[in-house]
Amino acid sequence: MKTLIVVDMQNDFIDGSLGTAEAVAIVDAVRAKIAEYRERGDEVIFTRDTHHENYMETNEGRHLPVVHCIESTPGWEIREGLWFEGAEIIDKPSFGYTGWAGREFEEVELIGLCTDICVVSNALIIKALYPEIPVSVDPACCAGVTPDSHEAALTTMRMCQVEVK
């Protein structure tokens, strides 16, 4: 079974406080990729960047002083029409989720936001934990903070044996 990990496709990253035109542009491609996995009966997991009211007092808040993805706000929600009943959601307080160990992954593909922060972090964690399985990323279903940092993250993942489709 293949696993699709949809990273942080949340309103704040799409067209909210940290949104970009590039993030808006990938929503339809992400929707189509999710549908492809669902039609095959493969696993789809969503991650959700999750912060709290004290965000500006955190290390991340001091380095990225833009309030975003505060739990239970509209910006924290996964974009309407992407998540579906029965799909797992993982709330993560940092860039990379550290709880991937112990899962029965056979093959993993990552898509979502932001290529250069959370997508690359999760891809490298999964590749480190599961060095013998195929791990890939679809750049058409990802967007970075900037187009240049998106490309830099793709280069980093290629160097770490993550397949860039």
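Below or above, wherever it landed, is the structure these notes cover. (Residues numbered from 1 in each chain as written. Predicted model: local features only at pLDDT ≥ 70, side-chain atom pairs only at ≥ 80, totals over all residues. Heavy atoms only, no water.)

Some points on the environment of Val 164
At step 1: Looking at the element boundaries, Val 164 is found in strand E6 (residues 163-164).
At step 2: Note: C-alpha distance between Val 164 and Leu 129 (35 residues apart in sequence) is 19 Å.
At step 3: Not counting chain neighbours up to four residues away, the residues in contact with Val 164 comprise Val 137, Pro 139, Leu 154 and Arg 158. (Helix = DSSP H or I, 4+ residues; strand = E, 2+ residues; numbered from the N terminus. Contact = heavy atoms within 4.5 Å.)

With respect to the sheet that holds E6
The strands making up a sheet are joined through hydrogen bonds of the backbone, oriented either antiparallel or parallel.
At step 1: Across the sheet, which stays open at both edges, the 6 strands sit in the order E3-E2-E1-E4-E5-E6 with parallel pairing between neighbours. The strands lining the two open edges of the sheet, one partner per strand, are strand E3 (88-92) and E6.
At step 2: The strands touched by helix H4 (residues 115-129) within the sheet are strand E1 (2-7), E3, strand E4 (107-113) and strand E5 (135-143), with E4 carrying the most contacts at an inclination of about 165 degrees.
At step 3: Helix H5 (residues 147-159) contacts E5 and E6 of the sheet and is inclined by roughly 175 degrees relative to E5. (Pairing = 2+ DSSP bridges. Axes fitted to C-alpha atoms, helices over the stretch in contact; angles between N-to-C directions.)

Considerations on the packing of H4 against H5
At step 1: Packing of H4 against H5 brings their axes to within 9 Å, and their N-to-C directions diverge by 10 degrees. In terms of orientation, H4 lies roughly parallel with respect to H5. H4 and H5 meet at a crossing whose hand is right-handed. Between H4, through Thr 115, Asp 116, Val 119, Val 120, Ala 123 and Leu 124, and H5, the contact on the second element is made entirely by Ser 149, His 150, Ala 153, Leu 154, Thr 156 and Met 157.
At step 2: Counted by class, the contact of H4 with H5 contains 7 nonpolar, 4 polar and 1 charged residues. (Parallel < 35°, antiparallel > 145°, perpendicular 65-115°, else oblique. Left-handed = near helix turned anticlockwise from the far one by under 90°. Nonpolar A, V, L, I, M, F, W, Y, C, P; charged D, E, K, R; others polar.)

Section: the packing of aromatic side chains
At step 1: In the structure shown here, the tally under the stated rule is 4 aromatic pairs.
At step 2: Geometrically, the ring pair formed by Phe 46 and Phe 84 is edge-to-face, given 6.2 Å between the ring centres and 70 degrees between the ring planes. Here the residue Phe 46 occupies a position in strand E2 (residues 43-49), and Phe 84 occupies one in the loop between helix H3 (59-63) and E3, the gap between them amounting to 38 residues.
At step 3: Residue class for Phe 46 comes out buried when judged on its relative accessible area of 1%.
At step 4: Taking relative accessible area as the criterion, Phe 84 reaches 14% and is therefore assigned buried. (Phe/Tyr/Trp six-rings, centres within 6.5 Å; stacked < 30°, edge-to-face > 60°. Buried < 20%, exposed > 50% of the residue type's maximum accessible area, 1.4 Å probe, protein only.)

Topic: the nonpolar core
Nonpolar side chains in soluble globular proteins generally cluster together in the buried interior.
At step 1: Core analysis: the largest hydrophobic core is formed by 24 residues, its most contacted members being Val 6, Met 9, Val 30, Ile 34, Phe 46 and Leu 113.
At step 2: The dominant element in this core, judged by the number of residues it contributes, is helix H2 (residues 21-40), at 6 residues.
At step 3: With sequence-adjacent residues up to four places away left out, Val 6 is seen in contact with Val 30, Ile 34, Val 44, Ile 45, Phe 46, Thr 47 and Ile 111.
At step 4: The next biggest cluster of nonpolar side chains, apart from the first, holds 23 residues, and it includes Trp 100, Cys 118, Val 119 and Val 120. (Core = buried A, V, L, I, M, F, W, Y, C linked by side-chain atoms within 4.5 Å.)

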